[in-house]
Structure formats: C-alpha cells, structure tokens
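A structural walkthrough
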Amino acid sequence: MIDKKIVQHIADLSRLSLSDEETEEFAHQLASILGYVEQLDKVDTSNVEPTALVAPARDPLRQDEPTPSLPPDKLLQNGPKVKNGYFAVPKVINQ
Amino acid sequence: MEFETVIGLEIHAELLTATKIFCGCAPKFGDAPNSHGCPVCLGLPGSLPVLNRRVVDMAIRMGLAVGCEISHNSVFARKNYFYPDLPKGYQISQYDMPLCTNGAIDIEAEGAKRNVRINRIHLEEDAGKLIHDQDADSLFDVNRCGTPLIEIVTEPDLRSGQEAYAYLTAIKQILEYLGICDCNMEEGSLRCDANISIRPKGETKLGTKTELKNMNTFRGVEKALAYEALRQRDAAASGEAIVQQTFRWDPDRNRTVVMRSKEEAHDYRYFPDPDLLPLVVDDAWIRRAAETMPELPARKRARFIADFGVTPYMADVLTLEAAIAKYFEETLAFCKDAKLVANWVMGEVLRFAKEKKISVASLSVTPRRLGALLGLVAEGALSANAAKRAFDIMEMQDKDAAAVVAEEGLTQISDTGELSKIVKDVVAKNPKEVQRYKAGETKLMGFFVGQVMKATGGKGNPREINKLVSELLGQG
C-alpha cells in the first residue's frame, strides 16, 4: 500500500525534495494508479511463465565493431556546468 | 569457542572487447575525458542500447570454463541508483535471470584442496569515472560508462584469506587463458569485493556478514580478509555484536575502515529493462563457444606433468600464464630435453621478462633461439655458464645462439686431445700438489680441475677434465 512514508522514501532515493502537500498528493495519486493495475492480480497466472516483455522478437545483437563517438565539445554541450572537458556536478562523495 | 571464517567473493572483470557493451564506442581509459561517449553512454532520450555479441560470447566461455550452466534465456535488469557516475540513473545489469549459473572450481591453499561453488556469472555495464579531489565540484568523465563487465559470484565456500587469494589467482588465470580480461587489479580491470562472517565450528547457519571493498591487490584481498576475520573473533570474544557494515581496506595502515552502515542500504528497485529483449542463447551458440575454448590451466598442468615429466611445482610455474606455457611448448619443438627447457624457462626466461617488465612472448630470445642454444648445451658443446652468458648477449643484441657462441668463442672444449695436453701441463707445473695427492690428500682433485679450467678460460668440459685428471694422477 502506497502511503506518505513510501513516497518520501522514493523521493529520497531520487534526491527529490517534496513538500508535505506534494507528498500527500502523490501518495494519493500513486495509490490510485497502483490500485487500478492491481486488478490484474485477480488473474490466475500460476501456470504462466513470468514474462519480461511481450514482443516475440529476439534481442538484436551488434557485432563488436567500433562506431565514432561524439566529439567531446558536442558531447558536453548540454552539460549545465563544464570544466576542463569534464561535466561538473555538485561535490558528491559516496561516504 | 572455536570459530570458522566464511567468505564469499564477487569479482568484476572488464572484458577485452573493441566496443562497449551496448554501443559502438571504444572502452578506452587514459584518453582525454569525455572522448568516448555517445547518446547511449549519456542516456539521452531516444537512445537505445544494443547488446554486443562478443560480450555474450566471452561470458559464455567463462561460464563454460568454470562448469556453469548457460541459460538459454537471460534477462537484463535496471539497477536504479542516484549517483552521477552513470548519467542514466540506473545500471544495466542482470538480476534474477543471469546468463551463467551453478559452476565450481577446485583450488588449493595451505596444502588443502577445496571446491568453490560459483553461484552465477552475469553481464553488466561499468559506470563512469568521478574525480573528487581536483575542484570544488566533482568532475565526471563518461569514457568508462558502458565498459562490459562480467560479475562472478561465489557461494560462501571460502574459509580463509589464503583460500580467497588462491581462488582469485585461479579465476585470474582462467580469464587470462581465455584472453577476455587483462586482470590488472591496480588499474581496476579486475575488482574484488568480499562478504565475510564467522560462526562457531559445526554451526551451519551463516553469521552476520560484513562487506569489504577497495582491495586493490591480490595480497590486499588476503590481508583485508585475515584482518576482518580477526576483528570479528575479537568482537565475539568480548561479547560485542557484529554489525552489518561495509569496510574499506586501507593498505597504508593495514586495517579496515567503516564505509557506510547497511541501514542506509541502497534500495535498487530492480526491474526488467524494457529497452532490451531477453537474451536468447541457443545450443549451437554454446557449442561454437565450447569449440573455441583453449586448453585451460588445470588440464595443461596435468598434461605437462604426464607428458614431459616435470615436477608439479614446475608445472605450476610453467602454466601460470598462457604465454609462459606457450613459450615452453614452442621451445620443446627445437630442444627435446623437457627438464632442461623447463629449468631455463623458469630461470633465465622469466627473470629477463620480469626485469624488462614484458611478456615472455616479447623477448628477443624466441623459443626457436632458446631451443638452438639449449641444443648446444644438451650435446655438451656449451657449458651451463657459457650458455647463460650467451643468453644475456642474445637478448641484448637480438642475435641467434650460433652467432653469439661463435663471436664470443664460448664453445666448450670437449676435445680430449686438447684437454689432455693442458692436464699434463698443469700436473707438471705442480709437483708438490701431485705428491700430496698421492699421499692421500684426494681433495686436491678440485685444485687440479680448477687449474685446468682456468687454463681453458672456463671453456673446458668439466666432466672430461675430471676424467682426465683422475686418469693421469691415478696412473701415477
């Protein structure tokens, strides 16, 4: 069951900060979305193989042959902050 | 109370492909930052990953090498985490349906054998590189993103740091024989994390485990595990509970340091990646992979002992690397004396390769050249010392054995006529010693042989000289 606590946990994992009202609102919305999907639980699937995807095709594979990479200036062009050829992000150290 | 240590290892190996796992960028490090990236690496909207066939091929071969079952259907999953080393916000990995399962290898440590079960080998992509110490911001380089990895996970079957070391060495050897990873722990192409716990001897349930990371050398893994096993025993002895934690190995201080507590454990929210269809591997593919497998270390070692009569220790050294074993066998094509060749490969050849920090395959003294040199030794034309001298010169001047032996005048004098003249001369010049010898001081034999050897400039055949001296003095 989706409650405010779960919404807060998911927001933390995604580094999102939500106000109290937003938490309440999203808990309500997510609960109703999941409740809708949960109707599928009524179907008896005990004899059905778990399926990740419904498309019948096989995964296309690629030969191990290089293709050109983006030029660094192009690659970096959408970075909000770029320094010396790197993307600069707020200091994060995984403790 | 007596405790038992229980260890499981997770090894990440970077595969030696020409391109990344899901796109055609080259997985190269050390190049300019952000020079090997594309929309797939960056996780840009609309980009789609396409799996590299060779990655699957390499993983199948590793699976077969350690006796795994290869799944006909395996599934890629998203491992979600929010950290800027992967721009997509998730790593593509395999979760509940990995490519390879249920393998095992035999290892030997401290004279005891152990069968180590391998739970799984799965495919995944590597993350990018973050630099924290050069700027007020953290700096991100996408080049390593998407480098293909296999993760090899054991069951908790290891019982000591030494066993972990032996297992790691065995896995490294197999990866190198297969030619799928260059196995450089310092550079991160091979990485090892460990789970370790202790339990009273006889107990079958697992104790609370701690995780060890940042062990950047094989010995580091061994030392960190030995340290942590002791720490847990001390904690148990003083009645402290063992807390589920992650430790980092600090090689400078030879101790572990807490990284983060498991309370904040990542919640990865795995789910099947909708961008990738299940990976289908049919029997024909597995058969083709099996057909291209090289002879693996364990079998090669047994064959060397059986076919060439080398000792188990020699076989260990000669099969340590595929390149060494190849060098040894190629040399045998030019000189049939297997023990002589084995001793030289283990001695001069490995010493030179180590000094020059190159593979034996890159030495100037090729197997053909070494074989020719050892042929001269085997037929008595060259003394062991002269051969070593010749080897040095051959290596430094990039020349054949015959040329060096001729130029340096290293050929051994085995001609009895010539040697016998010198022996007579030495005996004539040392009448006092001859008298003492005849009076029973037989250890003077060495003196005479030494004098003769000196007169030949070190080139006399020692066996012939000994024979001639004792004949002459014995006759009186």
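Residues numbered from 1 in each chain as written. Chains lettered and ligands numbered in written order. Predicted model: local features only at pLDDT ≥ 70, side-chain atom pairs only at ≥ 80, totals over all residues. Heavy atoms only, no water.

Tracing the backbone shows D267(B) in the loop between β15 (255-261) and β16 (271-272). Separated by 186 residues in sequence, D267(B) and Y81(B) have C-alpha atoms that sit 7.7 Å apart. With near-sequence residues (within four places) excluded, D267(B) lies in contact with H9(A), L13(A) and N80(B). (Helix = DSSP H or I, 4+ residues; strand = E, 2+ residues; numbered from the N terminus. Contact = heavy atoms within 4.5 Å.)

With that settled, consider the packing of aromatic side chains. Geometry of an aromatic ring pair is reported as the spacing of the ring centres plus the angle between the planes. All names here are of chain B. Tallying each qualifying case throughout the model produces 13 aromatic pairs over all chains. The interplanar angle of 50° and the centroid separation of 6.0 Å between the aromatic rings of W344 and F391 together place this pair among those described as tilted. Here F391 lies in helix α11 (residues 384-397) and W344 lies in helix α9 (residues 338-356), a separation of 47 residues in the sequence. Over the face of the ring belonging to W285 we find R53, whose NZ or CZ atom lies 5.0 Å from the ring centre. (Phe/Tyr/Trp six-rings, centres within 6.5 Å; stacked < 30°, edge-to-face > 60°. Lys NZ or Arg CZ within 6 Å of the ring centre and 35° of its normal.)

The next point concerns the interface of chain A and chain B. Across the contact, 37 residues belong to chain A and 52 residues belong to chain B. It is R62(A), D64(A) and Y86(A) in chain A that bury the most area against chain B; as a group they hold 19% of the surface buried on that side. Taken together, the connections running from chain A to chain B amount to four salt bridges. In this structure, D137(B) engages K83(A) in a salt bridge whose closest nitrogen and oxygen atoms are separated by 2.8 Å. Applying the counting criterion to the chain A and chain B interface returns 22 residue pairs in polar contact (both at pLDDT 80 or more). Mapped by element, the contributors of at least two residues to the side of chain A that touches chain B are α1 (4-13), β1 (61-62), α3 (72-76) and β3 (86-89) of chain A. Considering each element in turn, the side of chain A that touches chain B owes the most residues, four residues, to β3(A). Inspection of the sheet shows β1(A) paired to strand β2 (residues 51-52) of chain B by two bridges, in the parallel sense. Within β2(B), the residue paired with L61(A) across the bridge is L51(B). (Buried area = accessible area lost by both parts, 1.4 Å probe. Salt bridge = Lys/Arg side-chain N within 4 Å of Asp/Glu carboxyl O. Polar contact = N/O pair within 3.5 Å; in protein donor to acceptor, adjacent residues only side chain to side chain. Pairing = 2+ DSSP bridges.)

For the rest of this paragraph, the subject is the domain arrangement of chain B. The domains assigned to chain B are domain 1 (3-287), domain 2 (295-408) and domain 3 (416-475). The C-alpha-based centres of domain 2 of chain B and domain 3 of chain B are spaced at 34 Å. (Domains from an automatic or database assignment.)

So, on to the packing of helix α8 (residues 322-332) of chain B against α9(B). Residues and elements named next belong to chain B. With their axes 10 Å apart at the nearest point, α8 and α9 run at an angle of 135° to one another. Taken as axis vectors, α8 and α9 run oblique relative to one another. Where α8 crosses over α9, the handedness of that crossing is right-handed. Facing I324, Y327, F328, T331 and L332 of α8, the residues of α9 in contact are A338, V341, A342, V345, V349 and L350. For the contact of α8 with α9, the per-class residue count stands at 10 nonpolar, one polar and no charged. (Axes fitted to C-alpha atoms, helices over the stretch in contact; angles between N-to-C directions. Parallel < 35°, antiparallel > 145°, perpendicular 65-115°, else oblique. Left-handed = near helix turned anticlockwise from the far one by under 90°. Nonpolar A, V, L, I, M, F, W, Y, C, P; charged D, E, K, R; others polar.)

Moving on: the pairing of strand β6 (residues 90-94) of chain B. Residue and element names in this part refer to chain B. Counted residue by residue, β6 has five buried out of five residues, so it is predominantly covered. Direction of pairing for strand β5 (residues 76-80) relative to β6: antiparallel, over a ladder of five bridges. Across the sheet, the residue bridging to N80 is Y90, located in β6. (Buried < 20%, exposed > 50% of the residue type's maximum accessible area, 1.4 Å probe, protein only.)

Pairing in this open sheet of three strands is antiparallel, and the strands run β6-β5-β16 (chain B) from one edge to the other. Edge strands, defined here as strands with exactly one partner in the open sheet, are β6 and β16 of chain B.

Residue and element names in this part refer to chain B. One non-glycine residue, N102, lies in positive phi territory at about 55°. You can see N102 is positioned in strand β7 (residues 100-109). Looking at N102, the relative accessible area reads 47%, which means it is partly exposed. Non-glycine residue R269 carries a positive phi angle of around 45°. Mapping R269 onto the fold places it in the loop between β15 and β16.

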